[in-house]
Amino acid sequence: MVAGACERKAQPRAMAQYILKRLLLLFPTLLGAAVLVFFLMRLIPGDVCELRMAGTGAYFDEEALKICQAELGLNRPVMVQFWEFIRGYATFNFGDSMYTGRPIVDEIGLRFELSLQVAIMATITAILLAIPLGTISAIKQNTWIDYGVRAFSIAGIAMPSFWLGILIILGLLITTQAWFGTAWMPPIQYKAIWVDPVYNLSMLIWPAVATGYRYSAVATRMTRSAMLEVLREDYVRTARAKGLLEKLIIRRHALKNSLLPVVTVIGIEFAFLMGGLVVTEQVFNLNGLGKLFVESVTNFDYNMTQALVMVVVTVFVLTNFVVDVMYGWLDPRIHYR
Amino acid sequence: MASNPAYDAALDAPAEKPSLGARLLRLMRKQPLGTGGLLIVVIMVLAAAFAPWLSPYDPTANDFAAMHEAPGAEHWLGTDQFGRDLLARIIYGARTALVVGFVSALFGGTIGLVLGVASAYFGGRFDLFFQRVMDVFMAFPLIIMALAVVSIFGTGIQNVIIAITIPFVPRCARVVRSSALALRDIPFIDAARAMGYSHTRIILRHMVPNVMAPYLIMITAFVGQAILLEASLSYLGLGVQEPTPAWGLMLQGGAEEYAESAPWIAVFPGLAITLGVFGFNLFGDAVRDALDPKLRSQ
């Protein structure tokens, strides 16, 4: 009794220590990513100014090149530039886009809302698909239902989300043409969900499904294997032995205990959604972060590429951190060391 | 730890060796999905190898008299906006997909294998530092890393391979390292060290052969991912460039523009990507089931 109480008291402190340790470990990772991105970008032969000059015509003006480099601060020592970059990153001030000339923070802010909404909707789609499918697949292991679900989820990983997007648009065009006589396309101009919910959803539900299907595939497989493991546990056998309804065993005992790894996968995949959005936003012509990223790469807008990579990496690292901490909170059996 | 394939095969094999057909049948019954995957992979490899003989047309020849032609007897899968035969482009596109897939999976996996084993073998501070570096690389989502690399090296098939190889290295290194860590404590490594073998020899001759299972599992998984990544990059206009036939590239531009009037341009190349990656994934799953001793009992 006493020992148990002591242990319970010690747990919060161990947890605090663990969180602190993990927090401190975030810094080297983020710093490393910043170093990598910054110096990779400097590996490119030539710089933005030379690219601009090359783009404007055949005549190469040394003077203009120098002025341009001075304007962007590219003539300063590399370490000074790096320090600037790190300071800017720490204060969320990434400077100006080399392409549009507007502050990068503004450019990102404009698009953040849309991408976040698609990401959240895709996550919801994924959960709604993954948990029932994974559970059924595990209960009916090695039957044709199981094979069907597994094929469906592997197809989700195999199908490029941009192709699914094209198919969805194609399907919408054809069905609306057949039913209403006029072809309907999802709107392109973004309106926030609290301004016009119907309009907003009619625009964003399609990219959310296209991204969410792929996302659900990983979660379905995780649900299935976690469920299979739990179904072999002693307490499930006990529940069966005392004659509990199979429905209740699944719902109350098995599902609850198998959700933990699923939550982890969903959390980690959420951080990866940014990658999925890059292609989906292109297909649906959505003005989000993913499209901005592709544009910055094609326009040689290094400042913007650098900033966006750092934003994605930061979101990714923080999500991983939150998932790790949540893990212990969700499962009291896990002890922090 | 390491399973001995010859021993396991001896246990599995019945007294009399059954015919090839019977063995295939048994494999199909045991691994229906894996056999299906293998079949798709074989078809894809054959299509790529014999493309000039199989392909009905030149994949890069424009034919402005036959633009947007629907699938029919002339052009089985129709033509695109330049009158190029879609079937020919899909058959030749298998070459691009397989070259990018295999080369980047092999390079990424092998570099990762050596680095992962070395990290586990040397341990200590080297291992700690190496792990932090891998953390940094892993913090980039696959396509973001590939896009960043493309922005530096530029487009084209070689650069696409580099862009896809780099993010694979840390993923393989991490998995291999964890298997190699368990190996390090087994006496035969100590014995090799006591014999005075060099680090390189111990790593390459003694440790690497014993982590082949996770390495092969990772590589088969990488091929499908690489094909998908190449398609995504090409679709974004940042991968393989025209007029090289590549599946992702075929979905760019014309596919969306003419979606309504010529849907076949959008449907068939995507189907090729999906089937190809699907095949490699199914096959990869079967390889994992066969090689992973933890899963074998199930």
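What you see is a predicted model; the values in this text were computed from it and never measured. (Residues numbered from 1 in each chain as written. Chains lettered and ligands numbered in written order. Predicted model: local features only at pLDDT ≥ 70, side-chain atom pairs only at ≥ 80, totals over all residues.)

Structural notes on the overall build of chain B
Across its full length, chain B holds 15 helices and 0 strands. Expressed as a percentage of the 298 residues in chain B, the buried residues total 44%. Here the contacts in chain B between residues at least 6 apart in sequence split such that 72% fall between residues at least 24 apart. (Helix = DSSP H or I, 4+ residues; strand = E, 2+ residues; numbered from the N terminus. Buried ≥ 20, exposed ≤ 12 C-beta atoms within 10 Å, placed from the backbone. Contact = placed C-beta atoms within 7 Å.)

Structural notes on the overall build of chain A
Counting its secondary structure elements, chain A contains 12 helices and 0 strands. Going through the 337 residues of chain A one by one, you find that 34% of them count as buried. Restricting the contact set of chain A to residue pairs at least 6 apart, pairs at least 24 apart contribute 71%.

Considerations on the nonpolar core
Residues and elements named next belong to chain B. Grouped together as the largest cluster of nonpolar side chains are 157 residues, with contacts concentrated most on Val117, Ala146 and Ile227. Element by element, the count of residues in this core is highest for helix H5 (residues 86–122), at 16 residues. Excluding residues within four positions of it along the chain, Ala146 makes contact with Ala163, Ile164, Pro167, Leu229 and Leu233. (Core = buried A, V, L, I, M, F, W, Y, C linked by C-beta atoms within 7 Å.)

Some details on the packing of helix H6 (residues 144–158) of chain A against helix H8 (residues 197–231) of chain A
All names here are of chain A. In contact at an axis separation of 7 Å, H6 and H8 are set at 135° when each is read in the N-to-C sense. Looking at the two axes, H6 sits oblique to H8. The two elements H6 and H8 meet at a crossing, and its hand is left-handed. Here H6 contributes Val149, Ser153, Gly156 and Ile157 to the contact with H8, which in turn contributes Tyr213, Arg214, Ser216, Ala217, Thr220 and Arg221. (Axes fitted to C-alpha atoms, helices over the stretch in contact; angles between N-to-C directions. Parallel < 35°, antiparallel > 145°, perpendicular 65-115°, else oblique. Left-handed = near helix turned anticlockwise from the far one by under 90°.)

Observations regarding helix H3 (residues 62–72) of chain A
Little of H3(A) is tucked away, with 0 of its 11 residues classed as buried. The positive-phi residue at the C-terminal boundary of H3(A) is Gly73(A), with phi of around 75°.

Here we look at the packing of H5(B) against helix H10 (residues 199–207) of chain B
Residue and element names in this part refer to chain B. Contact geometry for H5 and H10: axes closest at 10 Å, N-to-C directions at 115°. The handedness of the crossing between H5 and H10 is right-handed. Residues Val117, Ala118 and Tyr121 of H5 lie in contact with H10, whose contacting residues are Ile202, Ile203 and Met207. By residue class, the composition of the contact of H5 with H10 is 6 nonpolar, no polar and no charged. (Nonpolar A, V, L, I, M, F, W, Y, C, P; charged D, E, K, R; others polar.)

With respect to the interface of chain B and chain A
With 39 residues of chain B at the contact, the number on the chain A side is 40 residues. Contributions of two or more residues to the side of chain B that touches chain A are made by helix H3 (32–49), helix H6 (124–138), helix H7 (142–153), helix H11 (212–235), helix H13 (254–257) and helix H14 (264–291) of chain B. Residues of the side of chain B that touches chain A, tallied by class, amount to 28 nonpolar, 7 polar and 4 charged.

Things to note about the environment of Asn200(A)
All names here are of chain A. Among the structural elements, Asn200 can be located in helix H8. In sequence terms Asn200 and Pro132 are 68 residues apart; their C-alpha atoms lie 28 Å from each other. Other than its neighbours up to four places away in sequence, Asn200 contacts Lys191, Ala192 and Ile193.

Details of the environment of Phe82(A)
As for its placement among the helices and strands, Phe82(A) is situated in helix H4 (residues 78–90). Distance from Phe82(A) to Tyr147(A), taken between C-alpha atoms, is 53 Å for residues 65 residues apart in sequence.

What about unusual backbone geometry?
Here the residue pair Glu242(B) and Pro243(B) is connected by a cis peptide bond, since its omega of 0° sits within 30 degrees of zero. Tracing the backbone shows Pro243(B) in the loop between H11 and helix H12 (247–250). With a phi angle near 60°, Asn142(A) is a residue other than glycine that sits in the positive phi range. Along the polypeptide, Asn142(A) turns up in the loop between helix H5 (104–139) and H6. For Asn285(A), which is not glycine, the phi dihedral falls at a positive 55°. Among the secondary structure elements, Asn285(A) is positioned in the loop between helix H10 (246–283) and helix H11 (289–298).

Concerning the confidence of the model for chain B
All names here are of chain B. On average, residues of chain B score 82 in pLDDT, and 89% of them are at 70 or above. When mean pLDDT is taken per element in chain B, H5 scores highest with 91 and helix H1 (residues 5–12) scores lowest with 50. Scored by ipTM, the complex comes to 0.80, with pTM at 0.82. (pLDDT = per-residue confidence, 0-100.)

Observations concerning the confidence of the model for chain A
Residue and element names in this part refer to chain A. The predicted model of chain A averages 81 in pLDDT, with 89% of residues at 70 or higher. Per-element averaging of pLDDT across chain A places helix H2 (residues 48–56) at the bottom with 63 and H5 at the top with 89. Under a pLDDT of 50 for its full length, residues 1–9 has, in the predicted model, 0 contacts with residues more than four places off or in other chains.

Let's talk about the environment of Val160(B)
All names here are of chain B. Along the chain, Val160 falls in helix H8 (residues 157–184). With 67 residues separating them along the chain, Val160 and Gly93 place their C-alpha atoms 15 Å apart. Val160 has contacts with Val100, Glu230, Leu233, Gly239 and Val240, leaving out every residue within four places of it along the chain.

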